[in-house]
Structure formats: structure tokens, C-alpha cells
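# Structural overview
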Amino acid sequence: MARIRVPRRGTGRPRTRPFVVLADRAYSSRAIRSHLRRRGIRAVIPQPSDQIGHRLRRGHRGGRPPGFDREVYKQRNTVERCINRLKQWRGLATRTDKLAIAYQAALHLAGILIWTRR
């Protein structure tokens, strides 16, 4: 999480603090949430049922449930579907290209072909 980089438009160094992080249930640990909170990044991460149960069993010592915006989390689905479509291309999924420029060219080609099929 500390290596997050968000490129800026145009020139300049990338931002290291995005506005929001959308993640799945695997990233819902207390350590990740507190790290994001310290850096001032809003976390939109659903809570797994086992964590909900642990919190409820602790009663008032379990604390409040973390905030979760369902509408913002739906945007994550769009990105996941795009990545899954790109993984249909064997060269992109296995990363067999030696050079980054060749991989990027294949990524652009796959993106163009996916976009034209819509």
C-alpha cells in the first residue's frame, strides 16, 4: 500500500496519496485500514462476514463498523471486468514479452480491439 502511485496528467511526479482506494474483502485488515486512515485516504473495502462476527461478539469494545459506500464500490466492478477481458489475451496474461514496450504495445492493441468490438 505504501507504493501506491497515481500518475498526473501532463508532467510532474505521481501522487502518492489517492483520494480513495477500492479493494476487495482480502484487503480489509485492520492494519491496511489504519495505514490508509493515517495517510488521509478514504477506504472503500467491504467487511468479510467473519470480521463482522468478531466485532459483534466484542460488543461495545468491538467499535463501529467501517464506512462503506456501495455506489462507489460498484465502479470497481467495471475495472475488474476490463482486466478479465484483457486476460483473455494469452500474451498479456502470462507476460511472455521481454521488453516493457512490447508488453505495452500488446496492451494497447488488445484495448483497441476490445473497444472496437463493443
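Within each chain, residues carry numbers counting from 1 in the order of the written sequence. The predicted nature of this model means local features are confined to residues of pLDDT at least 70 and side-chain atom pairs, given and counted, to a pLDDT of 80 or more, with totals for whole chains, interfaces and linings taken over all residues. Based on all heavy atoms of the structure, the side-chain values leave hydrogens and waters out of the count.

Where an unreviewed UniProt entry is consulted, the protein appears under the name Transposase DDE domain-containing protein, with the organism given as Streptomyces spororaveus.

### A word on the UniProt feature "domain: Transposase DDE" (unreviewed entry) in the protein
Rules: UniProt positions are given in the numbering used here, feature names are shortened, and annotations may be inferred rather than shown by experiment. The secondary structure listing takes helices from DSSP runs of H or I that are at least 4 residues long and strands from runs of E that are at least 2 residues long, numbered from the N terminus.
Under the UniProt annotation, "domain: Transposase DDE" (unreviewed entry) lies at residues 21–115. This span, residues 21–115, is 59% helix and 5% strand, and a straight line between its end C-alpha atoms measures 26 Å.

### Quick word on the nonpolar core
Rule in force here: Side-chain atoms within 4.5 Å link the members of a nonpolar core, which is a set of buried Ala, Val, Leu, Ile, Met, Phe, Trp, Tyr and Cys residues. Each residue's exposure class comes from its accessible area (1.4 Å probe, protein chains only) as a fraction of the maximum for that residue type: buried when under 20%, exposed when over 50%, partly exposed otherwise.
Ranked by size, the top nonpolar core spans seven residues in total: Val21, Ala23, Ile32, Leu36, Ile41, Ala43 and Ile45. In this structure, Leu86, Leu92, Tyr103 and Ile114 belong to the second largest nonpolar core, which totals five residues.

### Remarks on the side chain of Arg33
Basically, it comes down to this: In this count, Lys and Arg are taken as positive residues and Asp and Glu as negative ones, while His and the chain termini are left out. Salt bridges are defined as contacts in which a side-chain nitrogen from Lys or Arg sits within 4 Å of a carboxyl oxygen from Asp or Glu. Note on contacts: a residue pair qualifies if any of its non-hydrogen atoms lie within 4.5 Å across the two residues.
Structurally, Arg33 is set in helix 1 (residues 30–38). For the buried residue Arg33, which engages in no salt bridge, the nearest side chain bearing the opposite charge is Asp24, 10 Å off. Those residues within four positions of Arg33 in sequence are excluded, and the remaining contacts are Ser28, Ile45, Pro46, Gln47 and Pro66.

### Details of the environment of Arg55
Relative to the elements of secondary structure, Arg55 occurs in helix 2 (residues 49–57). Residue Arg55 is classed as buried on the basis of its relative accessible area, which comes to 14%. The contacts of Arg55, once residues within four sequence positions are left out, are Gln47, Gly62, Gly63, Arg64 and Pro65.

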